[in-house]
Structure formats: structure tokens, C-alpha cells
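Descriptive analysis of the structure
Given next are the chains, with one letter for each unit.
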Amino acid sequence: MKFFLLLIIKCLEIGIYFFDVLLAFANYFKGGKYEKEKLLYISNTDELTRCFNRHAYEERINNLDLREEWIYISMDLNNLKHINDSLGHAAGDELICAAADCMRENFGKYGNVYRIGGDEFVVIITGNTKEFQSIIESFDRRVAQWHGKLVDSMTISWGYVFSSEKEWDNIYDIAKEADERMYKNKERYYQESKIVRRR
């Protein structure tokens, strides 16, 4: 009697398992496109900021054409380590998210914003490159006007490179040059603000 009861329970378990498998297949074929799009979104999106992530960045730069004109902007938050150490990581996260929002709001119409590290961002502009000066000035104003709940203000250092500046060997040379220009601006910021830079 005990054997038959165990056999019935086992059959029910197997039946439930196969039912779950069939249900999963039905959901996949019924909403397969949605599931694939959702998976693609998750794999390309930074969880904290909702910007594109490093994976999406690597895919994008490998498909950029050096014969076309576009702009590569390297961006980095100033004082993030100081904010994390003095006000906590919630304040640091507020700063990172605010920077991402400013970038998306300002550059979103012209290109894409990527978070490639803790406080490191890249913006790739492919549209309206002739208006870049007014676009970057608008970004600086937006950043200067920002005030948060945990952090009063923020500053962002940036360096940009036009793909048309010269003959480049590859995209990584452009990225390196933009980084170097950004770090020069960052050093200037710390010198002018008299803030001791924390590493």
C-alpha cells in the first residue's frame, strides 16, 4: 500500500514537472519576442542608472565607422570618493544617477550614454555634430543647476574628440585621447577648486 502511494506521488510530481515545461514553452512561443527584447534590454542596461552598460558600449564602438563624423565624450564625476566617504554610498548613488539623468536629458536626442565604470561615462554623439558647442554648454549649465536631497551640487569633468579631427588608426585611439583630455580638465578642476583629490 505504501509503495503504491509513493508511486502515485512520484507520478504526480513528474506530471507537474512536465506541465511546467509545457507552460514554459507555451509562454516562450506566445511571448517570445517580448522575452527576447526584455533579455536584450537587461543585458545592455546599467541597473543603477538605466544608461547603456559596458557590454552595450563595447558593441557600439566596434560598429562605429571612422570615415563618418561622430563625437566621443569621456566623462567622469568629480569628488565621488569624497562624497561616498563623508556622506555614504546612498549619496554617491544619488550623484551617479543625477549625472546619468543630466547626460541622457542633454545628449539623448543626439546619441547614446554609456556607464562604463563606477563614475565613468561615455557619450557617443552621431547626430547634429555641428551644434556640439551649444550642446556641451547646455550640459554644463544643467549640471551647475542641479541640487539633490543628499548632495548639494555636482561637477563633471569631460574630454571630447571628433572622429574627423585626423586620420585615426582605430576607435581605441580616439577613446584614449578623449580620456587624456578629460583627465587634464579634472586636474584643472582640482587645482582651481583647491580641493584635495582623494584616490
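On a predicted model such as this, the values are computed, not experimentally measured, just so you know.

Here the focus is the packing of aromatic side chains. The tally for this structure, following the rule as stated, stands at nine aromatic pairs. Seen from their ring centres, Phe52 and Tyr114 are 5.5 Å apart, and the 35° between their planes marks the pair as tilted. On the criterion of sequence distance, the pair formed by Phe52 in the loop between α2 (32–44) and α3 (54–61) and Tyr114 in strand β2 (residues 111–115) is long-range, its members being 62 residues apart. According to the relative accessible area criterion, Phe52 is partly exposed, its value standing at 34%. On the accessibility criterion, Tyr114 (2% relative accessible area) is buried.

Side chains of nonpolar character tend, in soluble globular proteins, to be buried together. Counting residues in each nonpolar core, the largest one holds 32 residues, and the members touching the most others are Ile73, Met75, Met103, Phe107, Phe139, Met154 and Ile156. For this core, the secondary structure elements donating two or more residues are β1 (71–77), α4 (80–87), α5 (89–107), β3 (120–125), α6 (132–145) and β4 (156–162). At nine residues, the largest contribution of residues to this core is made by α5. Discounting chain neighbours no more than four positions away, the residues touching Phe139 are Met75, Cys102, Met103, Asn106, Phe107, Ile156 and Trp158. With 16 residues, the next largest nonpolar core counts Trp70, Val122, Ile171 and Ile174 among its residues.

For the rest of this paragraph, the subject is unusual backbone geometry. Note on backbone geometry: most residues besides glycine have negative phi, and most peptide bonds are trans. Positive phi, close to 70°, is recorded for Asn79, a residue that is not glycine. Along the chain, Asn79 falls in the loop between β1 and α4. The class for Asn79 is buried, based on a relative accessible area of 16%. One non-glycine residue with positive phi stands out, namely Asn128, at about 60°.

Turning our attention to the sheet that holds β1. Strand order in this open sheet of four strands is β2-β3-β1-β4, and the pairing throughout is antiparallel. Single-partner strands in this sheet number two, and they are β2 and β4. On average, each strand axis in the sheet is inclined to that of its neighbour by 15°, with strand direction left out of account. Running over the sheet, α3 touches β1, β2 and β3 and is turned about 135° from β2. Packing of helix α7 (residues 171–193) onto the sheet brings it into contact with β1 and β4, and relative to β4 it is tilted by some 145°.

We now examine α4. Turning to α4, its buried residues are Leu80, Ile83 and Asn84. Along the long axis of α4, the arc covered by the buried residues comes to 100°, so they all point the same way. As for α4, its buried residues are in contact with α5. Positive phi appears at Gly88, one or two residues downstream of α4, with a value of about 100°.

Calculation notes
- Residues numbered from 1 in each chain as written.
- Predicted model: local features only at pLDDT ≥ 70, side-chain atom pairs only at ≥ 80, totals over all residues.
- Heavy atoms only, no water.
- Phe/Tyr/Trp six-rings, centres within 6.5 Å; stacked < 30°, edge-to-face > 60°.
- Helix = DSSP H or I, 4+ residues; strand = E, 2+ residues; numbered from the N terminus.
- Buried < 20%, exposed > 50% of the residue type's maximum accessible area, 1.4 Å probe, protein only.
- Core = buried A, V, L, I, M, F, W, Y, C linked by side-chain atoms within 4.5 Å.
- Contact = heavy atoms within 4.5 Å.
- Pairing = 2+ DSSP bridges.
- Axes fitted to C-alpha atoms, helices over the stretch in contact; angles between N-to-C directions.
- Arc of directions from axis to C-beta.

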